[in-house]
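Structural overview for review
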Amino acid sequence: MSLIDVVLRANKDEEVPEAASLGVEELAESMRAYLQSRLPSYRMARLMRESPQRARNEIRSICLQGFAEDAYGTVNLSEAQCQQAIDTLLNSIFGYGLLEPLLEDETITEIMVNGTESLFYERDGVICQAETRFRDEESVRALIDRIIGPVGRRVDESSPMVDARLPQGYRVNAIIPPLSLTGPVLTIRKFSRRVITLREMQEAGSVEAPVTQLLKWAIAAECNLLVSGGTGTGKTTLLNALSCEIDHAQRIVTVEDSAELRFSEHPHVVRLESRPRNAEGQGEVTIQDLVINALRMRPDRIIVGECRGEEANDMLVAMNTGHMGSLSTLHANSPRDAVIRLSTMVRLGAELPVDVIERQVGSAIDLIVQVERSSSGERYVCQICQVGLAEDGWTLLLDEVYIRDSFQAKGEWKMAPLFVKRLADKDVATEEEVEEWISELSLPSQDS
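A few points on the structure. (Residues numbered from 1 in each chain as written. Predicted model: local features only at pLDDT ≥ 70, side-chain atom pairs only at ≥ 80, totals over all residues. Heavy atoms only, no water.)

1. So, the overall build of the protein
Helices and strands together make up the secondary structure of the protein, namely 15 helices and 15 strands. Judged by the C-alpha coordinates and their principal axes, the protein covers about 90 × 50 × 40 Å. For the protein, the proportion of its 448 residues judged to be buried stands at 47%. Considering only intrachain contacts with a sequence separation of at least 6, the fraction spanning at least 24 residues in the protein is 56%. In the protein, which carries 47 positive and 71 negative side-chain charges, the distance between the mean positions of the two groups comes to 5 Å. (Helix = DSSP H or I, 4+ residues; strand = E, 2+ residues; numbered from the N terminus. Buried < 20%, exposed > 50% of the residue type's maximum accessible area, 1.4 Å probe, protein only. Contact = heavy atoms within 4.5 Å. Lys, Arg positive; Asp, Glu negative; His and termini not counted. Charge placed at Lys NZ, Arg CZ, Asp CG, Glu CD.)

2. A look at the nonpolar core
If you look at the biggest cluster of nonpolar residues, it comprises 40 residues, and the most contacted ones within it are Leu225, Leu238 and Phe419. Among the elements of the structure, helix 8 (198-203), helix 9 (209-220), strand 7 (225-229), helix 10 (235-243), strand 12 (367-373), strand 13 (379-389), strand 14 (396-403) and helix 15 (431-440) are those that each provide at least two residues to this core. Per element, the largest residue contribution to this core is six residues, and it comes from helix 9. Ignoring anything within four residues of it in the chain, the contact list for Leu225 reads Leu215, Ala218, Ile219, Leu242, Ser326, Leu327, Ser328, Leu367 and Val369. Of all hydrophobic cores here, the second largest spans 34 residues; its members include Val255, Leu290, Val304 and Leu330. (Core = buried A, V, L, I, M, F, W, Y, C linked by side-chain atoms within 4.5 Å.)

3. Focus on the sheet that holds strand 6 (residues 185-189)
Pairing in this open sheet of six strands is antiparallel, and the strands run 3-2-1-6-5-4 from one edge to the other. The sheet is open, and its two borders are formed by strand 3 (126-129) and strand 4 (161-165), each paired with just one other strand. The mean angle between the axes of side-by-side strands here comes to 15 degrees, regardless of whether they run parallel or antiparallel. Looking at chain direction, strand 2 (residues 118-123) and strand 3 are connected through four bridges and run antiparallel. Looking at the pairing, Phe120 lines up with Gln129 of strand 3. Relative to strand 6, helix 7 (residues 137-148) is tilted by about 45 degrees, and along the sheet it contacts strand 1 (108-114), strand 4, strand 5 (171-175) and strand 6. (Pairing = 2+ DSSP bridges. Axes fitted to C-alpha atoms, helices over the stretch in contact; angles between N-to-C directions.)

Treat this as a map of the structure, not an account of what it does.
In structure tokens, the structure reads:
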């Protein structure tokens, strides 16, 4: 008897109360019990090693056979729901269970499992609640173990927090009781497999046309850029877009805590990724270690995925010793906050006077680009500031170049950055192109 015949027969059985019929999740559990009785675990493990696709086909065939034998009790579901139950079982065995469809959805950028209480995801910058959730904490713990096991990590009461990465490159964080009062919590940050360019960001309204031109010039002129913003504002997306503008003749070394940057077209990129401690508490390689090592790799540009600790000092030293055109991101609510946080992080790695640190920051960073996310989920460049030093060579200056109050608003230009005056000398743009760009924004002339 085929699956569809069984389903049709079950749906026609009007004498069976609705409450007695199986739901999708209950049916999947019944299928699991039936599968275990027909396919011993050792044989399943061997099949999965030899041929995952053959193992899937074998399991699906056994599940369908269970319908023919009425092995699941009363089934009062549609054919699509029965197939959904089989897929649920397959995902729990081969994939990530309830998270499998969310991981496959390219429009979803974040997945948040709050124990057994709820399951949320972010799509287009907006957080939504999923209709399903995990039935018990053991299921969440089993999923966490399945994710972190292959990378040699563990999570238990002695080590209740863990960071890991899925094979697709997605960043994973898990925290369990007693630190989490919600139960085991799992957060997965997804990254687009395709790089969004500055032009595409402009077409989407995230970046205005004059800003696009300015950022392209800044990359070509080898300015040191810092992209600043809060969590989920699109810092890495913008950094990826900026990296697309780098000359293909240059050697790039990227340093990241979790590999998020995409260089699908640039021919000369060396990617470095930090490594946390293993289960024995050994083998850690920090961002700072990698930044120091990157300086020995003859880079034209160093890109630090996110600056968050003592590596800030080494990054500024690199920018001040010939590695121009370097890029990084930073968590901060404004360009001024970014400077303060950068100075604080430098002090973590070096006991230097505040004025010396500010001089180092003012000498190393050329532009800070602030990004923001609106309440409806749109991400956009909201502010650009020029960083420099006063005539005394010590006082740090932060000049506002551009500000945009909201995604719907048009940006307002305050001044032209000083580096645009040198574009002609660097053969990046002609004086006429720069003057035309300035005149379109009603900015003061270069000579004023």
